[in-house]
Amino acid sequence: MAAPTNEIDREKRALRVSCAAQRDLLAVDLRANAAAGVAQVGLGFANLAPGASVSAYAAMGSEIDAFPLLGRLSGDGFRLCLPVITPLGNPLLFRAWAPGDVLVPRKWGIREPADDAAVVEPDVLLVPLLAFDGGGARLGYGGGYYDRTIVRL
């Protein structure tokens, strides 16, 4: 029998706090090396069509920095976009972005493309997370934005 929703919510909150604290303990150079390694690998394994649009995120705190990978993808001819937070209960919106474009700090300090950047429908989503399990299920930050976005896409 499943636990009551409020119990599950409490467990998820505690897990989020624990995972964020563990990630925060990782050395800055380790995180930078991981970001460089991801950029070196790229997305060749995904067999994406030339010009496909890829969305990542502007890292916050101890999240892995996606910008080294985005720089490589830009050089490889992919179209890039970043998420824009929408009113609560809605999916994310994505706006075009390229290395060097200005990002504007918005809700929760998340850096987003300017309002005049073109809206883009991404072919691939690279998403931030706190943890994942052996089956690949993602533990995010609890707002449900990516859950709603994935359903919409």
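Residues numbered from 1 in each chain as written. Predicted model: local features only at pLDDT ≥ 70, side-chain atom pairs only at ≥ 80, totals over all residues. Heavy atoms only, no water.

*Asks:* Help me out: how do you make sense of the overall build of the protein chain in this one?
*Replies:* When helices and strands are tallied, the protein chain shows 4 helices and 8 strands. Reading the helices (α) and strands (β) of the protein chain from amino to carboxyl end gives α-α-β-α-β-β-β-β-β-β-β-α. With respect to the three principal axes, the spread of C-alpha positions in the protein chain is 50 × 35 × 30 Å. Looking at the 153 residues of the protein chain, the share that counts as buried comes to 32%. Counting contacts in the protein chain only where the partners sit at least 6 residues apart, residues at least 24 apart contribute 61% of the total. (Helix = DSSP H or I, 4+ residues; strand = E, 2+ residues; numbered from the N terminus. Buried < 20%, exposed > 50% of the residue type's maximum accessible area, 1.4 Å probe, protein only. Contact = heavy atoms within 4.5 Å.)

*Asks:* Would you mind showing me how to read the packing of helix H2 (residues 28–41) against helix H3 (residues 67–75) here?
*Replies:* Think of two packed helices as two axes; the pair is described by the angle between the axes and how far apart they sit. Running from N to C, H2 and H3 point in directions that differ by 20°, and their axes come no closer than 7 Å. Taken together, H2 and H3 sit at an angle that is classed as roughly parallel. Considering only the axes of H2 and H3, their crossing is right-handed. Each of Ala35, Val38, Ala39, Gln40 and Val41 in H2 lies in contact with H3, whose residues at this interface are Pro68, Leu69 and Arg72. Looking at the contact of H2 with H3 residue by residue, the class counts come to 6 nonpolar, 1 polar and 1 charged. (Axes fitted to C-alpha atoms, helices over the stretch in contact; angles between N-to-C directions. Parallel < 35°, antiparallel > 145°, perpendicular 65-115°, else oblique. Left-handed = near helix turned anticlockwise from the far one by under 90°. Nonpolar A, V, L, I, M, F, W, Y, C, P; charged D, E, K, R; others polar.)

*Asks:* Could you clarify how one ought to interpret H2 in this entry?
*Replies:* Because an α-helix completes one turn every 3.6 residues, residues spaced three or four positions apart along the sequence face the same direction. With 14 residues, H2 extends 20 Å between its outermost C-alpha atoms, agreeing within 8% with the 20 Å of an ideal straight helix rising 1.5 Å per residue. Buried within H2 are the following residues: Arg31, Ala35 and Ala39. Looking straight down H2, one finds its buried side chains confined to an arc of 80°; they lie on one side. Along H2, exposed side chains directed more than 90 degrees from the buried face belong to Asp29, Asn33, Gln40 and Val41. Buried residues along H2 sit in contact with helix H1 (5–24) and H3. (Expected span 1.5 Å × (residues − 1). Arc of directions from axis to C-beta.)

*Asks:* In this structure, what is going on with the layout of surface pockets? I would like to understand it.
*Replies:* Gaps left between atoms are located by rolling a probe of water-molecule size over the structure's atoms. Of the pockets and cavities examined, the largest pocket occupies roughly 660 Å³. As for the largest pocket, its lining consists of 25 residues, and the residues nearest its centre are Arg138, Tyr141, Gly142, Gly143 and Tyr146. Going through the elements one at a time, H1, strand E2 (79–84), strand E5 (111–113), strand E8 (138–139) and helix H4 (145–152) are the ones with two or more residues in the lining of the largest pocket. Ranked by residue count, the leading element in the lining of the largest pocket is H4, at 3 residues. In this structure, the second largest pocket is lined by 15 residues; those nearest its centre are Arg23, Tyr57, Glu63, Ile64 and Leu129. The set of elements that each furnish at least two residues to the lining of the second largest pocket consists of H2 and strand E7 (131–132). Here the lining of the second largest pocket gets 3 residues from one element, more than from any other, and that element is H2. Class assignment for the residues of the lining of the second largest pocket results in 11 nonpolar, 1 polar and 3 charged. (1 Å grid on protein atoms, 1.4 Å probe; cavity = no way out; pocket = protein on both sides within 12 Å on 5 of 7 lines; lining within 4 Å. Points joined across faces, edges and corners; volume = space filled by probe spheres on them.)

*Asks:* Would you explain the environment of phenylalanine 132 in this entry?
*Replies:* Relative to the helices and strands, phenylalanine 132 resides in strand E7. Taking relative accessible area as the criterion, phenylalanine 132 reaches 62% and is therefore assigned exposed. Residues phenylalanine 132 and glycine 44, spaced 88 residues apart in sequence, show a C-alpha to C-alpha distance of 23 Å. If sequence neighbours within four positions are ignored, phenylalanine 132 has contacts with Ala137 and Arg138.

*Asks:* Would you mind showing me how to read the environment of valine 54 here?
*Replies:* Tracing the sequence through the fold places valine 54 in strand E1 (residues 53–55). Among the residues examined, valine 54 registers a relative accessible area of 0% and is labelled buried. Spatially, the C-alpha atoms of valine 54 and glutamate 11 are 33 Å apart, while their sequence positions differ by 43 residues. Not counting residues within four places of it along the chain, the set of residues in contact with valine 54 comprises Leu43, Leu48, Leu73, Phe78, Arg79, Leu80, Cys81, Val124 and Leu126.

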